[in-house]
Amino acid sequence: MNLHGRDLLTTQDWSVEEIEKTLDLSFDFKKNRYNHPLRNCLDRRTFMMFFYNPSVRTRQSFEAAATELGGHAQFLEPKSMRLKTSKSAGETVQDAAEVMSRYSCGIGLRVLETAIEEYGQGHELLEEYAEYASVPIISMAHDKFHPCQGFADVMGMRLHGGKDLKGKKLLQVWGRGALVRSWCSIQESILVNTRLGMDVTLAHPEGYDLDPEVIKWCEENADASGGEFEIVHDLEEGYDGADFVYSRNWMTADFYDNMNKHGVDAAKKIEIERAMKYDDWISTKDWMAKTNNAFFTHCGPVDRNSEVTDEVVDSEKSIVYDVAENRLHVQKAIMALTMGIK
Ligand code: CP
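Everything numeric here is computed off the predicted structure, so don't read it as measured data.

Around the ligand sit S55, V56, R57, T58, R110, H146, Q149, C299, G300 and R327, and those are all the residues in its vicinity. Compared with its free state, where it exposes 260 Å², the ligand has 92% of that area covered by protein. Residues belonging to the shell around the ligand are distributed by class as follows: two nonpolar, five polar and three charged. A domain-level breakdown of the shell around the ligand finds at least three residues from each of domain 1 (11-145 + 325-339) and domain 2 (149-320).

Pasting the structure below:
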């Protein structure tokens with residue numbers, strides 16, 4: 001199995017064996033952070049990080065990961081480049097991708113939320129870069145998927161629940177909140193965890209449906225892995241017997257229509273007013289008491305006291321900082337496997 005040269009737009013594009021190989025190497029990097037045999041596999045190489053949206057974890061963990069592998073990560077924003085857009089003349093994706101490939105060992109892209117005009121546009125941009133770049137394209141979170149986060153989530157649950165999580169229940173639950181987030185982290189989590197055989201329950205209020213194609217893939221993944229996948233709109237049912245609880249806000253499918261009709265601020269206001277009506281959709285100690293003594297997980301940034309109470313996120317069952325740390329280890333593994341010196 002050789003991952004050298006491969007793009008990573010979602011874990012769904014990789015085989016279960018490739019996912020497991022990446023996780024094994026991630027655990028290896030965690031155990032042997034500075035003296036690993038692959039510690040110089042990016043020797044003097046540059047990884048380009050192209051951010052349309054802000055970030056704490058992703059930027060910092062990729063920079064640290066490149067450094068720890070003997071290379072360098074370069075931070076780029078669209079405002080510092082003259083790129084063609086639907087509203088302005090400039091350099092095409094084809095030319096940018098070809099040129100960036102001449103300087104780098106790989107290119108990461110983040111494009112989501114208000115940096116796009118409609119759902120799917122971010123994914124199309126990554127596909128276009130992948131078509132023209134001669135180095136791997138790695139999603140650093142886009143409107144559809146967040147594969148590096150998906151790997152870190154699995155690693156966090158395995159650290160605390162053991163390698164075999166088959167039959168363990170993951171509650172992926174919508175949380176009220178004011179950050180109006182894309183679907184990428186949620187979709188990646190339900191995809192990779194159904195793939196690996198967990199029993200995944202997706203819980204959200206009516207009207208917060210995710211991409212139907214992703215839901216279909218989750219059903220197919222569960223059939224193939226022997227896991228289960230269900231969607232519920234009832235919190236009692238969701239929390240009951242869960243081994244892991246992952247709460248996170250996400251936007252409705254109406255967001256981009258509202259943004260194009262009324263502007264970004266008005267569209268966000270509509271989403272926030274709608275979300276705040278769901279008082280019960282916050283992970284509290286009382287909800288956690290209905291679980292199988294579940295661990296609490298979250299990809300960050302956590303919207304405290306909206307998605308989850310301080311009491312839960314600061315409890316001894318919270319694994320959110322471990323998951324954040326894992327971003328470093330999994331990205332080292334992804335870079336070593338897809339673009340490291342052979
Ligand atoms: N989880 C995640 O991607 O965090 P950032 O937005 O801070 O990078």
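Here we take up the sheet that holds strand β2 (residues 72-76). Strand order in the open sheet made by the four strands is β2-β1-β3-β4, with parallel pairing throughout. Looking at the sheet topology across the chains shown, the edges are occupied by β2 and β4 (137-142). On average, each strand axis in the sheet is tilted by 20° relative to the strand beside it, whichever way the strands run. Sheet topology places strand β3 (residues 106-111) next to β4; four bridges connect them, and they run parallel. Each bridged residue has a counterpart across the sheet, and for V111 the counterpart in β4 is H142. Lying on the sheet, helix α4 (residues 121-132) is in contact with β1 (46-51), β3 and β4; it crosses β4 at an angle near 170°. Sheet strands touched by helix α13 (residues 320-339): β1, β3 and β4. Its angle to β4, the strand with the most contacts, is close to 150°.

Next up on the list: the environment of E237. Mapped onto the elements, E237 comes out in helix α8 (residues 235-239). Its relative accessible area of 42% is what places E237 among the partly exposed residues. Measuring from C-alpha to C-alpha, the distance between E237 and W217 comes to 23 Å, with 20 residues separating the pair along the chain. Residues contacting E237, with those up to four places away along its chain left out, are K169 and V232.

Within the largest apolar cluster, 105 residues are counted, with the highest numbers of intra-cluster contacts made by F47, Y129, I137, I190, V245 and M335. Shared between two domains, this core takes at least three residues from each, and those domains are domain 1 (11-145 + 325-339) and domain 2 (149-320). The contacts of I137, once residues within four sequence positions are left out, are D7, L8, L9, I107, L109, L126, Y129 and A130.

Turning to its location among the elements, H329 is positioned in helix α13. At 2.7 Å, the side chain of H329 forms a polar contact with the side chain of E325. In this structure H329 touches S26, F29, K30, R33 and M155, once residues within four positions along its chain are discounted.

As a further point, take the pattern of salt bridges. Charged atoms that come close allow side chains of opposite charge to pair. For the coordinates displayed, the defined rule picks out 18 salt bridges. Linking R274 and D254 is a salt bridge whose minimum nitrogen-to-oxygen distance equals 2.9 Å. Taken together, the residues span a long stretch of sequence, with R274 in helix α10 (residues 264-275) and D254 in the loop between β8 (244-248) and α9 (255-262) at a distance of 20 residues. Notably, a salt bridge pairs R304 with D310, separated by 3.0 Å at the nearest N-O pair. In this structure R304 comes out as partly exposed when scored by relative accessible area, which is 33%. What emerges from the salt-bridge pattern is a single network uniting R33, E68 and K332.

In this structure the tally under the stated criterion is 14 aromatic pairs. Look at F47 and F62: their rings are 5.0 Å apart centre to centre, the planes differ by 20°, and that puts the pair in the stacked class. Of this pair, F47 sits in strand β1 while F62 is found in helix α2 (residues 57-68), placing the two residues 15 residues apart along the sequence. By relative accessible area, F47 is classed as buried at 0%. Given the relative accessible area of 1%, F62 is considered buried. Centre to centre, the rings of W174 and Y278 are 5.6 Å apart; their planes meet at 85°, and the pair counts as edge-to-face. In this pair, W174 sits in strand β5 (residues 169-174) while Y278 sits in the loop between α10 and α11 (285-288), placing the two residues 104 residues apart along the sequence.

Conventions adopted
Residues numbered from 1 in each chain as written. Predicted model: local features only at pLDDT ≥ 70, side-chain atom pairs only at ≥ 80, totals over all residues. Heavy atoms only, no water. Near = heavy atom within 4 Å. Areas by Shrake-Rupley, 256 points an atom, 1.4 Å probe, with all protein chains shown as cover. Nonpolar A, V, L, I, M, F, W, Y, C, P; charged D, E, K, R; others polar. Domains from an automatic or database assignment. Pairing = 2+ DSSP bridges. Helix = DSSP H or I, 4+ residues; strand = E, 2+ residues; numbered from the N terminus. Axes fitted to C-alpha atoms, helices over the stretch in contact; angles between N-to-C directions. Contact = heavy atoms within 4.5 Å. Buried < 20%, exposed > 50% of the residue type's maximum accessible area, 1.4 Å probe, protein only. Core = buried A, V, L, I, M, F, W, Y, C linked by side-chain atoms within 4.5 Å. Polar contact = N/O pair within 3.5 Å; in protein donor to acceptor, adjacent residues only side chain to side chain. Salt bridge = Lys/Arg side-chain N within 4 Å of Asp/Glu carboxyl O. Phe/Tyr/Trp six-rings, centres within 6.5 Å; stacked < 30°, edge-to-face > 60°.

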